[in-house]
Amino acid sequence: AWPWLILMYDYPDEAIVDLMYTPEFRRGLSYAINRQRINDIVALGLATPRQFALSPESPEFQTPEGQQVYEEWSTSYADYDPELAGQLLDEIGVVDVDGDGFRERPDGEPLDIIVDIVVTDQGTLDAMDLIKEDWDAVGLKTTLNAIDGQILDQRAQAGEVMIRAWGSAAAWGLVSAATVWTPVEGVTYSLGGVRIGQYYVSGGETGVAPRPGSALEKLQNAYTELISIADPVERDAKLLEAYQIHIDEGPLSIGTVGEHVSPVVVKNNFHNVPDTGVVASWDIGFPGTADPEQFYISQ
């Protein structure tokens, strides 16, 4: 889902973290986004409006049960419904107290949604301009912080990022970058934030613990169980159960549009190249996914 909005649950302001852990707040953010407009303007209508979810190519989605989970996850809370977004925000006390058109936090303090973006990621910048308009329109004052990627990473590692707009999220369940759906690595693209992932990988010695009973804690526990299962059928079934946490308690991260088309040019005398497939993924190397050992050139 490009861009993928990583909500940071390790932000130093506890009032903001309270909101991050509140489903109605996250759903309000999601319902306020006009994904079709992003698709039409930024992706030239060639992508798919969707929620954050893993790649449909991921092995666990290839069964009927997997396809059902994928369809439910990738469409969850992804309708454009600004009225519902406003209702959800009202329910949790994120309301306009001073009449300036923008909502305050439940504690009455000003609420400024700050999104960090790598300054060279033009596609994400363009999409975030539209999302800022959407969030401003429902009374969520939004600030876009476009900065150098190294500085952004440093801010994320220090827990100084509220939301990061990341230009990719094409991982497969347990094959690549599991930390995008469960915070189990101390990296800047970890679900929930670097320090949530650090807590898991360090066994609780460093980082920030997910709140007890939260979806993040449940996902970490699910991952611990998953990686001990040898049988692939049983493992995939448990993996789909873990994804259900995203559906029931999500969105935990927020997706926008994805599954973009990437054109590939093949010369006429070059054969056995698949008509479709996963290309240009950071996690899954191309052309390795296209079985290049089967390519041949006719003389």
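Refer to the structure above for everything that follows.
Rules of the game
Residues numbered from 1 in each chain as written. Predicted model: local features only at pLDDT ≥ 70, side-chain atom pairs only at ≥ 80, totals over all residues. Heavy atoms only, no water. Helix = DSSP H or I, 4+ residues; strand = E, 2+ residues; numbered from the N terminus. Rg over C-alpha atoms; globule rule 2.2 N^0.38 Å. Buried < 20%, exposed > 50% of the residue type's maximum accessible area, 1.4 Å probe, protein only. Contact = heavy atoms within 4.5 Å. Areas by Shrake-Rupley, 256 points an atom, 1.4 Å probe, with all protein chains shown as cover. Lys, Arg positive; Asp, Glu negative; His and termini not counted. Charge placed at Lys NZ, Arg CZ, Asp CG, Glu CD. Salt bridge = Lys/Arg side-chain N within 4 Å of Asp/Glu carboxyl O. Pairing = 2+ DSSP bridges. Axes fitted to C-alpha atoms, helices over the stretch in contact; angles between N-to-C directions. Right-handed = clockwise from strand over helix to strand, strands pointing away. Core = buried A, V, L, I, M, F, W, Y, C linked by side-chain atoms within 4.5 Å. Polar contact = N/O pair within 3.5 Å; in protein donor to acceptor, adjacent residues only side chain to side chain. Left-handed = near helix turned anticlockwise from the far one by under 90°. Phe/Tyr/Trp six-rings, centres within 6.5 Å; stacked < 30°, edge-to-face > 60°.

A. Layout of the overall build of the protein chain. Check the secondary structure of the protein chain and you find 10 helices and 8 strands. For 299 residues, the compact-globule formula gives about 19 Å, and the C-alpha radius of gyration of the protein chain, at 20 Å, lands near that figure. Taken along the three principal axes of its C-alpha coordinates, the protein chain extends 75 × 45 × 40 Å. Classification of the 299 residues of the protein chain by burial places 46% in the buried group. Look at the contacts in the protein chain between residues 6 or more apart in sequence, and 70% of them connect residues 24 or more apart. A total accessible area of about 14,000 Å² is found for the protein chain, and carbon and sulfur atoms account for 51% of it. Across the protein chain, 17 positive and 48 negative side-chain charges occur, with their mean positions spaced 2 Å apart.

B. Quick peek at the pattern of salt bridges. This model, assessed by the stated rule, comprises 16 salt bridges. Ionic pairing is found between aspartate 153 and arginine 164, a salt bridge with its closest N-O pair at 2.8 Å. In this pair, aspartate 153 sits in helix α7 (residues 149-157) while arginine 164 sits in strand β5 (residues 163-166), placing the two residues 11 residues apart along the sequence. Given the relative accessible area of 26%, aspartate 153 is considered partly exposed. The class of arginine 164 is buried, set by a relative accessible area of 4%. A salt bridge links glutamate 225 to lysine 238; its shortest N-O distance comes to 3.5 Å. Note that glutamate 225 is positioned in helix α9 (residues 215-226) and lysine 238 in helix α10 (residues 232-249), a separation of 13 residues in sequence.

C. Looking closely at the sheet that holds strand β4 (residues 142-147). Ordered in space as β1-β5-β3-β4, the 4 strands form an open sheet in which the pairing is mixed. Since the sheet does not close on itself, it has two edges, and those belong to β1 (4-7) and β4, each with one partner. On average, each strand axis in the sheet is tilted by 25 degrees relative to the strand beside it, whichever way the strands run.

D. Spatial organisation of the pairing of strand β3 (residues 113-118). Burial analysis of β3 places 5 of its 6 residues in the buried class, which makes it a mostly covered element. With 6 bridges connecting them, β3 and β4 associate as parallel partners. Note that in β4 the partner of valine 118 across the bridge is isoleucine 147. Crossover β3 to β4 through helix α6 (residues 122-137) is right-handed. Taken together, the 3 bridges between β3 and β5 define a ladder with parallel strand orientation. Bridging from a neighbouring strand, aspartate 116 pairs with arginine 164 of β5.

E. Quick peek at the nonpolar core. One finds Trp135 and Trp181 to be the most contacted residues of the largest nonpolar core, which totals 76 residues. Apart from residues lying up to four places away in sequence, tryptophan 181 is in contact with Leu54, Trp73, Gly173, Leu174, Leu191, Leu219, Tyr223, Leu226, Leu239, Ala242, Tyr243 and His246.

F. Seen up close, the side chain of glutamine 51. Of note, glutamine 51 is situated in the loop between β2 (48-49) and α4 (64-75). When its relative accessible area of 0% is taken as the criterion, glutamine 51 is described as buried. Here the side chain of glutamine 51 touches serine 76 through a polar contact of 2.9 Å, landing on its backbone oxygen.

G. Summary view of the environment of glutamine 67. Take glutamine 67: it is sitting in helix α4. Spatially, the C-alpha atom of glutamine 67 lies 15 Å from that of valine 233, the residues being 166 residues apart in sequence. Setting aside its immediate chain neighbours within four residues, glutamine 67 contacts Phe61 and Gln62.

H. The packing of helix α3 (residues 35-42) against α6, seen in detail. At their nearest, the axes of α3 and α6 sit 10 Å apart, and the two run at 145 degrees to each other. With respect to the hand of their crossing, α3 and α6 are arranged in right-handed fashion. Residues Arg37, Ile38, Ile41 and Val42 of α3 form the contact with α6, whose own contacting residues are Gly123, Asp126, Ala127, Leu130, Ile131, Glu133 and Asp134.

I. Representation of the packing of aromatic side chains. One pass over the structure, following the stated rule, counts 13 aromatic pairs. Aromatic pair tryptophan 4 and phenylalanine 52: ring centres 5.4 Å apart, planes at 15 degrees, arrangement stacked. Note that tryptophan 4 is positioned in strand β1 and phenylalanine 52 in the loop between β2 and α4, a separation of 48 residues in sequence. Each ring, one from tyrosine 200 and one from tyrosine 223, has its centre 6.0 Å from the other, and the planes form 75 degrees; the classification is edge-to-face. Placement of the pair is tyrosine 200 in helix α8 (residues 194-201) and tyrosine 223 in helix α9, with a sequence separation of 23 residues.

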